[in-house]
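# Understanding the architecture of this molecule
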Amino acid sequence: MAGQEIVSIEPATGALLWRGMPGDADEEVAAARAHWAAWAAQPLAYRLEALRRFANVVRARTDAFADLIARETGKPLWEARTEVDSVIAKVNISATAYAERTPQRRMDSQLGGRLALRHKPHGVLAVLGPYNFPAHLPNGHIVPALLAGNAVVFKPSEKTPATGAFLVDCLHEAGVPKGVVRLLIGGPAEGKALSAHPDIDGLLFTGSARTGIALNRAFADRPEKILALEMGGNNPIIVWDTPDLHSAAVLVVQSAFTTAGQRCTAARRLIVDERNYAPLLEEIGKLLDRMIVGDPHADPQPFMGPVIDNEAADLLTESFVTLMSRGGRPIRHMQRPANDRPFLTPGLIDVTEMNDRPDIELFGPILQVIRVGNFGDAIVEANSTRYGLSASLVCQDPALYDQFWANIRAGIVNWNKPTNGASSSAPFGGIGWSGNHRPSAYYAADYCAYPVASSEAEQARALIGIGLRDE
């Protein structure tokens, strides 16, 4: 029975953007399985050249691609352009990472032999993409997977299918064989069918902790399949003993509200020295008073657009009310300017006196504020989470940063920088509920190919020198 039609609506306008029927996981996996061996047999230089052509195709279509991302996600056009730039840059970064992380090496061994280290692709890899960065994040899996010689079945989020289809079209236009990159349109049912398919050799996932944990359980009895999970965070930013409160406020606002708070690295909790609480919040308030929240194509460009859809906006609004009902004191109410569209203004709420704060990822423009009296308590508060993706410290004292770096539980630890905006030239991943120790970005090469160690000699020469009777 055919599935329900997938429809993509522009969050900022409510206009219909794209529609299509769900695909079939069996058909897409079978096509990838039939073609991956020929792709893997091609020289690395051949695969790299195809991916460099892909970067050129995306570069030539930058305006159309950025416009599509802005319309489908609601993010400002300036930000959509940075996402397209990241898609282009991924090819050269992946080539460098592949050479460094998965090299071929030969070493001398005893008796005239040699040891060889090479890497092999897994085969057919499934990629499940998110809606917040519908091009950049799945591309961060797809490009290194293809470079290593894998075939890919990519299912974009059902909330951003048009961007996923555009990305795959660019790959095919560049000459990457259609059988090697397959697009699976669909919703949760198609995602489950793909992730459970017996003929995939691994799954590369970016999304919520709840889904990631379910995938981890599902793969528990499938150790032969690679599973890479990136699952978000309940990220802290600490502001401590800094004379430049304006810059501190800018870093907090960038951390919490870029992409309308829909980044896995977004700051969810602001932990602040109670002596600086009032003046810092005053500076943050001044920035929020000036912040433009609007249509992604508006002029002047907004700082942030809507969240992804009305359902997400409703859930975030309910979450803010729930925090209030459990003892949170609103500093700045999160507002819904238009009831029929998912625009939200940034919300700030003091949860210092709140018992049993929920350790969840509120994926939107809500920032919880916690006052503390000493730096040790600030670190304890920062670590009070099952997640461990990103954390940032704003302060002027290098000794405090050393203490912070040594004690914080996170895979991304920043100093006088936002919690978000991680570099693709470094590994990207976290601990706890933020991932399963398979960091992406520069380290994606690690889970796209497996090492093979070989002991080799040009001819067989062997003897047994002990344990045999004399002839």
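Report on the accompanying structure. (Residues numbered from 1 in each chain as written. Predicted model: local features only at pLDDT ≥ 70, side-chain atom pairs only at ≥ 80, totals over all residues. Heavy atoms only, no water.)

## Considering the overall build of the chain
Put simply, the rule is: Secondary structure is summarised from DSSP: a helix means a run of H or I of at least four residues, a strand means a run of E of at least two, and numbering begins at the N terminus for each. This radius of gyration counts C-alpha atoms alone. The globule rule is 2.2 Å times how many residues there are, raised to the power 0.38. Throughout this description, buried means an accessible area under 20% of the type-specific maximum (1.4 Å probe, protein chains only), exposed means over 50%, and partly exposed covers the range between. Contacts are assigned to residue pairs that have any heavy atoms within 4.5 Å of one another. Per-residue and other accessible areas were derived by the Shrake-Rupley procedure at a 1.4 Å probe size, with only the shown protein chains allowed to occlude residues. We treat Lys and Arg as the positive residues and Asp and Glu as the negative residues; His and chain ends play no part in the count. For the purpose of locating charges, the reference atoms are NZ of Lys, CZ of Arg, CG of Asp and CD of Glu.
A count of helical and extended segments in the chain gives 14 helices and 19 strands. Relative to the 2.2 N^0.38 estimate, which gives 23 Å for 471 residues, the radius of gyration of the chain is 24 Å and therefore close to what a compact globule would have. Each principal axis of the C-alpha atoms in the chain carries an extent, and together these give about 90 × 55 × 40 Å. By residue count, 55% of the 471 residues in the chain fall in the buried class. A fraction of 71% describes how many contacts in the chain between residues 6 or more apart in sequence connect residues 24 or more apart. Summed over its atoms, the accessible surface of the chain is roughly 20900 Å², and 51% of this surface lies on carbon and sulfur atoms. Between the averaged position of the 45 positive side-chain charges in the chain and that of its 52 negative side-chain charges there is a distance of 4 Å.

## Quick word on the side chain of arginine 268
Its location among the elements puts arginine 268 in strand S11 (residues 267-273). Once you skip the residues sitting within four places of it in the chain, arginine 268 turns out to touch Gly233, Asn234, Asn235, Gly261, Arg263, Glu361, Leu362, Phe363, Gly364, Ile366, Leu367 and Gln368.

## Some words on helix H7 (residues 188-195)
Selection criterion: In this description, the arc belongs to the directions extending from the helix axis to the C-beta atoms.
Among all positions of H7, only Glu190, Gly191, Leu194 and Ser195 are buried. Looking straight down H7, one finds its buried side chains confined to an arc of 130°; they lie on one side. Pointing more than 90 degrees away from the buried face of H7 are the exposed residues Pro188, Ala189 and Lys192. Structurally, H7 contributes buried residues whose contacts are with helix H1 (25-41), strand S5 (124-128), strand S6 (151-155), strand S8 (202-206) and helix H8 (209-218).

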